[in-house]
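Each chain, written out:
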Amino acid sequence: MVSDALNVNGLQKSFGKNYVLRGIDLALSPGSVTVLMGANGAGKSTLVKVICGHHPADGGTVTLSGVPFDPVDEADAIHKGVVTVHQSIDDGVIPDLDVANNLMLDRLVEPGHGFFVRERHLRAEATKVAAAMGIHVDLRARVSDLSVADRQMIAIARAMARAPKVLILDEPTSSLSASEAERLFALINRLRTQGVAILYISHRMSDIRRIADRIVVMRDGAISGVFESEALDYNAAVTAMLGHRMTDVDVTVQCGTAPVLDLCDLCLFDSAAPFNLTVHDGEVVALVGLLGSGKSRLADILYGIARPADGHIRLEGRDYAPRSVEDAVAQGVFMSPKDRSTNAVIPAFDIADNMTLPFLQTLSAGPFLKSPQQRNRTQEMVDQLGIVCQSVSDGIGSLSGGNQQKVMIARWLLEPAKVLLLDEPFQGVDIGARRDIGRHIRATAQGRATLVFLAEIDEALEIADRILVMSEGTIVGEHVNQNIDLTALVADVTGTTLPATGISL
């Protein structure tokens, strides 16, 4: 009988009086995919950090292929065969190096490699790794110049080059397009056949249904459910994660009142078809589409980062053509960008400074910051959005990913906006945090137009009054979020013709 690749027994970890892991038991079998679910703060990240040697355990044991496993650091864990691809993309790549050097970096630092690098040999080996992963980028390109999706694929490819026994993937598809995700899933299937044990951390039901052999759920630092029957019970898994049944989100559709934002014959780029769109006061409009559909381009144009090829925009009846981000903000158009670790979070700042950063002038008297007022405003938003922290003076890095995302959303809710743009606001957060954010966005929607840019249909269904589908730089479908025909919605997103099955919500 084949033994478990990794076996965790009674694992414990605390930080001061805060018990984060409370006797975790977890077994990963060779050639299988175990999906790990858990709300933000459940202990998932701490469990992974203990397994990969970032934190020492306070109790319990871990074995790797039947041998005691107690890595002194992440490099030791990698050397022994446990490799982790973290959610923060730049943890897995060196941005200032080119692609080839990133892919081969671990081999370059192996003992006995020698002082000199054989450039031709290195690039030949990097080419093999890139081909195996289906990566089609210039191997001489600097990683920092690549897209988020390409950086993510390179981080995963670098992990593959280490030939791991156990591979841990933390939200690996959060920055990938549908086709790139399929390449990842194909790779995971190949690793299955090679006997690699995979721990896959995700809340995306589309991912889980696609690859999970079983689901393990954590809540409050303990295992709250294990699901491994042939027909996995996803609803029960979510219930085990949240501690209560997941009820359907009941969106009462708002048509809005006065027009706030008008897009008139707008062309996002030269080859794109023009489109028109009006968004009203109090209305939440979701724009969904695959990577490259034009969602991010539209967001950039509205926020003053890019210019349209043609057409014009009106804001509350006046022409709107922002020359910069500062100009957009001054006119009342705010945006919470995707990829918070790169585009939003300031790691050296505490929660209050991160949240109030764009509006410090309104919280200052001359050159002096009104600290009590800043802290009070921050605390109000912490309470409203349910941000879990000890104090608003805590470092932003002390928060879970979901709570960091709530801080970034709260940043742009501190002051009234005419238009609020939210680009992938649920990226990397669990279902509970997603619903907290969605509820607050809808509850505060009056007085502005809200546009939410999303890749996942289920997220759009939870927050929007209207769902617009984008493809090739234009709007190809519109659906009011009431008794939606999911068949038609999916067909619009994928660009396919599906049978009229009458699926609706």
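Residues numbered from 1 in each chain as written. Predicted model: local features only at pLDDT ≥ 70, side-chain atom pairs only at ≥ 80, totals over all residues. Heavy atoms only, no water.

Enquirer: Mind laying out helix α15 (residues 431–443), listing which residues take part and the relevant values?
Expert: Look at α15: 18 Å from first C-alpha to last across 13 residues, which is about the 18 Å you get at 1.5 Å a residue. Along α15, the positions that sit buried rather than exposed are Ile431, Ala433, Arg434, Arg435, Ile437, Gly438, His440 and Ile441. (Helix = DSSP H or I, 4+ residues; strand = E, 2+ residues; numbered from the N terminus. Expected span 1.5 Å × (residues − 1). Buried < 20%, exposed > 50% of the residue type's maximum accessible area, 1.4 Å probe, protein only.)

Enquirer: Explain the pairing of strand β11 (residues 259–267) to me, and be specific about the residues and the numbers.
Expert: Both β11 and strand β12 (residues 275–280) contribute to a ladder of 5 bridges, which runs antiparallel. Within the sheet, the bridge partner assigned to Asp262 lies in β12 and is Thr278. As judged from the 5 bridges shared by β11 and strand β14 (residues 310–315), these two strands associate in the antiparallel manner. Paired with Leu263 across the bridge in β14 is Ile313. (Pairing = 2+ DSSP bridges.)

Enquirer: Can you lay out the packing of helix α13 (residues 371–385) against α15 for me, pointing to particular residues and giving the numbers?
Expert: The N-to-C vectors of α13 and α15 enclose an angle of 115 degrees; their axes lie 9 Å apart at closest approach. Accordingly, the angle class assigned to the pair α13 and α15 is roughly perpendicular. Packed against α13, whose contacting residues are Met381, Gln384 and Leu385, the element α15 presents Asp436, Ile437 and His440 at the interface. When grouped by side-chain class, the residues that make up the contact of α13 with α15 number 3 nonpolar, 2 polar and 1 charged. (Axes fitted to C-alpha atoms, helices over the stretch in contact; angles between N-to-C directions. Parallel < 35°, antiparallel > 145°, perpendicular 65-115°, else oblique. Contact = heavy atoms within 4.5 Å. Nonpolar A, V, L, I, M, F, W, Y, C, P; charged D, E, K, R; others polar.)

Enquirer: Explain the pattern of salt bridges to me, using residue names and the numbers behind them.
Expert: All told, the structure shown has 21 salt bridges when counted by the stated rule. In this structure, Asp76 and Lys80 form a salt bridge, with 3.2 Å as the shortest nitrogen-oxygen distance. Of this pair, Asp76 and Lys80 both sit in helix α2 (residues 74–80), 4 residues apart, roughly one helical turn. What makes Asp76 buried here is its relative accessible area of 16%. Overall, the relative accessible area of 34% leaves Lys80 in the partly exposed class. We note a salt bridge from Arg434 to Glu462, for which the minimum N-O separation is 2.7 Å. (Salt bridge = Lys/Arg side-chain N within 4 Å of Asp/Glu carboxyl O.)

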